[in-house]
Amino acid sequence: MEGTEAAERQRLRRALVDLLNAYSSEAQHIGHAFANRNNLHATDMHALLAVMQAERDGAPLTPGRLGEAIGLTSGATTALIDRLERGGHLRRSRESNDRRVVHLRYGDAGMQLAMAFFTPLRPHTDRVMEKFSVEELQAVEKFLDGMTAALVEYRDELRAR
């Protein structure tokens, strides 16, 4: 039985990695379509996703943390933030008692563009998710969380070299 389980684990590893690669590729195609329609660069998309995720997590990014997250120098990060702010995609916010601390927030205009573009995707993803029980979705969540952590760990190793 051990040989059969090992073979199945190896098959699943290959299949899951292939599926993750396909998902990543398709998500990038959709992201590029959004970027092209809104005159954004690929780096802009990475920044907006990082800002959005940080807001969802309740820990908005500072410009420095955004630069670290997407691998830009402070000068390039400032230029990126200025460009996205001019386009209404994000805004700088001073929310702390220390007025020198700036947090980045998704801009209202940018959010409206994103909602208009991505909301039609939801019925497609909902149809897939409805096929899974809560327990199965929790297992998928745990798996994807672990795989994301593995990628972040490797990314950080690459940056340290």
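Sequence order as written defines residue numbering, which begins from 1 separately in each chain. Totals for whole chains, interfaces and linings use every residue, but because this is a predicted model, local features are given only for residues with pLDDT of at least 70 and side-chain atom pairs only at 80 or more, for both listing and counting. Heavy atoms throughout the structure, all of them, feed into the side-chain values; hydrogens and water do not.

1. A short note on the overall build of the chain
Selection criterion: Only runs of H or I of at least four residues qualify as helices and only runs of E of at least two qualify as strands under DSSP, and these elements are numbered from the N terminus. Only protein chains enter the accessibility calculation, which uses a 1.4 Å probe; a residue is then buried when its area is under 20% of its type maximum, exposed when over 50%, and partly exposed in between. Residue contacts are counted whenever heavy atoms from the two residues lie within 4.5 Å of one another. Neither His nor the chain termini are counted; the positive set is Lys and Arg, and the negative set is Asp and Glu. Each charge is placed at NZ for Lys, CZ for Arg, CG for Asp and CD for Glu.
In terms of helices and strands, the chain carries 7 helices and 2 strands. Along the three orthogonal principal directions, the C-alpha set of the chain runs to about 65 × 40 × 30 Å. Considering the chain as a whole, with its 161 residues, one finds that 21% of them fall into the buried category. Counted over contacts in the chain with a minimum sequence separation of 6, partners at least 24 positions apart contribute 47%. If you average the places of the 22 positive and of the 23 negative side-chain charges in the chain, the two averages end up 6 Å apart.

2. Quick word on the pairing of strand S2 (residues 103-106)
We count it as follows: Pairing between strands requires that DSSP locate at least two bridges from one strand to the other.
Every second residue of S2 is oriented toward a common face, with His103 and Arg105 on one face and Leu104 and Tyr106 on the other, all of them buried. Looking at chain direction, strand S1 (residues 90-93) and S2 are connected through 4 bridges and run antiparallel. Considered in S2, the bridge of serine 93 is made with histidine 103.

3. What to know about the confidence of the model for the chain
Threshold: A residue's pLDDT is the confidence the predictor assigns to it, expressed on a 0 to 100 scale.
Per-residue pLDDT for the chain averages 92, and the proportion of residues at 70 or more is 99%. Per-element confidence in the chain is highest for helix H6 (residues 122-129), whose mean pLDDT is 97, and lowest for helix H5 (residues 108-118), whose mean pLDDT is 90.

4. Notes on helix H2 (residues 42-56)
Keep this limit in mind: Helix span, as expected, comes to 1.5 Å for every residue beyond the first.
With 15 residues, H2 extends 21 Å between its outermost C-alpha atoms, agreeing within 8% with the 21 Å of an ideal straight helix rising 1.5 Å per residue. Among the residues of H2, Asp44, Met45, Ala47, Leu48, Ala50, Val51 and Ala54 are the ones counted as buried. The secondary structure elements touched by the buried residues of H2 are helix H1 (2-37), helix H3 (63-70), helix H4 (74-86), S1 and S2.

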